[in-house]
Structure formats: C-alpha cells, structure tokens
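# Survey of secondary and tertiary structure
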Amino acid sequence: MTNPAINQKTETTYLPILSSQAQGWENILVEEFQQPPGEARCHYSDEHTIYLSLAPRPIRLLQIQGDKTHAGLYAKGDISVTPAKTPLFARWDQDDHYLQIRVVSSFIESVATEALAMNPDQLELLPEFRIRDPQIEAIAMMFLCELQQENLGGRLYIESLANVLAVHLLRQYAAAKPHFQTYESGLSERQLLQVLEYINEHLHQDIKLADLAQLLGISQFHFSHLFKRSLGTAPYQYLIQQRIERAKQFLKQTNLSIMDIALECGFNSHSHLSKQFRQFTGMTPKAYRAN
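Described below are features of the structure shown in this document. This one's a predicted model, so the numbers in the text were calculated from it and none came from an experiment. (Residues numbered from 1 in each chain as written. Predicted model: local features only at pLDDT ≥ 70, side-chain atom pairs only at ≥ 80, totals over all residues. Heavy atoms only, no water.)

This part is about the pattern of salt bridges. Scanning the entire structure with this criterion turns up seven salt bridges. Across the pair E26 and R155 runs a salt bridge whose closest N-O atoms are separated by 3.6 Å. You can see E26 sitting in the loop between β1 (18-19) and β2 (28-35) and its partner R155 sitting in helix α3 (residues 155-173), a full 129 residues away along the chain. Residue class for E26 comes out partly exposed when judged on its relative accessible area of 23%. (Salt bridge = Lys/Arg side-chain N within 4 Å of Asp/Glu carboxyl O. Helix = DSSP H or I, 4+ residues; strand = E, 2+ residues; numbered from the N terminus. Buried < 20%, exposed > 50% of the residue type's maximum accessible area, 1.4 Å probe, protein only.)

Dropping the structure here:
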C-alpha cells in the first residue's frame, strides 16, 4: 500500500501549510490548512476523510455530504467524517484552520478483515457532522506533532497510529459494528524473543509494523496491543530505546562520526539522532561521548 493519490476536486485550490505527502507515510495523508473565507468541493473516491477544527474561535460552516446538509458553528475540536465516494461541499465565512486526515479505504478494509474479522464487502462508514471524539482528536494531534517535528517518531509510530485510528473508525462509525476480540495475555516468550531478535538485527533499517506483525502471523493492531501488554511499552518506543542504546555503544567504543552513528542506528540524520538522544538521556551525543 502506498501514499494516497491526490484525487481532490476543488473549486478553489488551497495549499496546506504542513503535509505528510513527502514523508513516506503509507495509507494516510495528513495536512494542515489555514484558509480565508471561501468554499470548496471535494470528492475522494478511494479515501475516507476526517476534518478536525483547529480554529481559535468558532467558524460558521455549511457542509453538504452527499444528500445530507449541516450548517452551524464549528469550534476547535469539532470533527466531521466523510466516507469515500461521498461528494462534499463546504462554505465558511471566516478564516478557517483545520487538520485534514485522509485514510485509504483499502487500508481500512484490510484492518477490518485482519483485526476485526469483518467482511470488507459489507463495510460502510457513516458520514458525521460536528462530533466530539477525544480519541480521534488525540490521534490527529499526534500526527500534527509528527509533521511539526519532521517525523521524529519514525514509520513504526505512524503505522501504529494509523492502525489505532482505523480500528476506532470501524468500531464507532461503521454501519455494522464489529465484534472486537480481547486478549488478556501478551505475546508468548517465544514470540517476544523472535520479535526482539528481529528488531535487534534490523535496527539500522526502516522497520515496518507490518514486518513485525507478519513474523507472528497476526494483524498489526493486535501485534501492537500484545507487544505493549508484554513489555509495557509500544513497539515504536522500544525501537527508539534500542537505537539509542546502540548509539551509546558506538559513541563510547568507536571513533565513528555522529552522522555515521546516526545512520548505523537507523536515524535519518545527525539532528534526528541528537533530538532523540537528548530526549532519552538528557544530553547530546557529543556530550555523552566526551563524558
């Protein structure tokens, strides 16, 4: 699965102030917009779309989704959901500020099948106007933070968030509610050791959530849940911790440059390593090496 293709049709073209388009995020496109009063038509054939208002004061907004119309004040934290293939018209009379999240419909279908045992042919998301959903808002703000910090959490983090968002959409906004299987225990010792060994051997590579889940033959969502239950930390957090530990070894035991160490440990730049290293240790790599 790849980045969602741009298939937007609008009366007026507004460029985002931040976008994940060039970040390499799969199955999801996150963009932040600030727009003057205006109107737009959008029709995404292969993506479900979530809009989260970031406006500092309420905006009067008219929305027409398919044959349903809603008009009212949208305040910061208000959310609307537009299913794929549903035409949307919007008109607003003040400066607007919002986050748009587009999720590839085939990704939602695969999560429905793998994590929730739903029939993808009967999958239907319902349109929503001006709802409050603390979980969607929290996930959206994590995506926005990643955009602002240039994707410091890495691909594993984004994929984990995308899976949680997909499951939440299916549980809360699908026409047919899925049966959600719960697990009391975590991964078995054999499974956990298999995953930890894989991570250790591939620290320098861009590890995907799908790679880890596939090792055990389970869905990405359930893998993340079971991994955290087993170790008390999310897969992406464990991965960063291990990369920092390996960076510490290189800093103390070799004369490699900090840039080379960053690449050897799976960070994409000197600054990426430095920010994460400081966050975990309270000092820069250079200071750690000299200490």
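Structure shown, so let's carry the discussion forward.
Turning next to helix α4 (residues 189-201). Look at α4: 18 Å from first C-alpha to last across 13 residues, which is about the 18 Å you get at 1.5 Å a residue. Along α4, the residues that are buried comprise Q191, L192, V195, L196, Y198 and I199. Viewed end-on, α4 has its buried residues packed into an arc of 160°, placing them on one side of the element. Facing away from the buried side of α4, by more than 90 degrees, are the exposed residues E189 and R190. (Expected span 1.5 Å × (residues − 1). Arc of directions from axis to C-beta.)

Mapped onto the elements of the fold, E31 is located in strand β2. Here E31 sits buried without a salt bridge, and the closest side chain of opposite charge, R102, lies 4.4 Å off (N-O distance). Among the polar contacts made by the side chain of E31, one reaches the side chain of S19 at a distance of 2.8 Å. Excluding its chain neighbours within four sequence positions, the residues that come into contact with E31 are P16, L18, S19, Y98, L99, Q100 and R102. (Lys, Arg positive; Asp, Glu negative; His and termini not counted. Polar contact = N/O pair within 3.5 Å; in protein donor to acceptor, adjacent residues only side chain to side chain. Contact = heavy atoms within 4.5 Å.)

Moving on, we get to the sheet that holds strand β9 (residues 96-104). A sheet is described by the order of its strands in space; here six strands give the open sequence β1-β2-β9-β4-β7-β10, paired in antiparallel fashion. Strand pairing shows two members of the sheet lacking a second neighbour, β1 and β10 (128-131), which therefore form its edges. Sheet strands in contact with helix α1 (residues 105-116) are β4 (47-53) and β9, and its direction is about 60° off that of β9. Along the sheet, α3 contacts β2, β4, β9 and β10; its crossing angle with β2, the most-contacted strand, is approximately 85°. (Pairing = 2+ DSSP bridges. Axes fitted to C-alpha atoms, helices over the stretch in contact; angles between N-to-C directions.)

A few words on helix α7 (residues 235-253). Over its 19 residues, α7 runs 27 Å from end to end, which matches the ideal 27 Å to within 8%, given 1.5 Å per residue. Of all the positions in α7, only P235, Y238, L239, I240, R243, I244, A247 and L251 are classed as buried. The inward-facing, buried residues of α7 abut α3, α4, α6 (220-231), α8 (258-264), α9 (270-281) and α10 (285-290).

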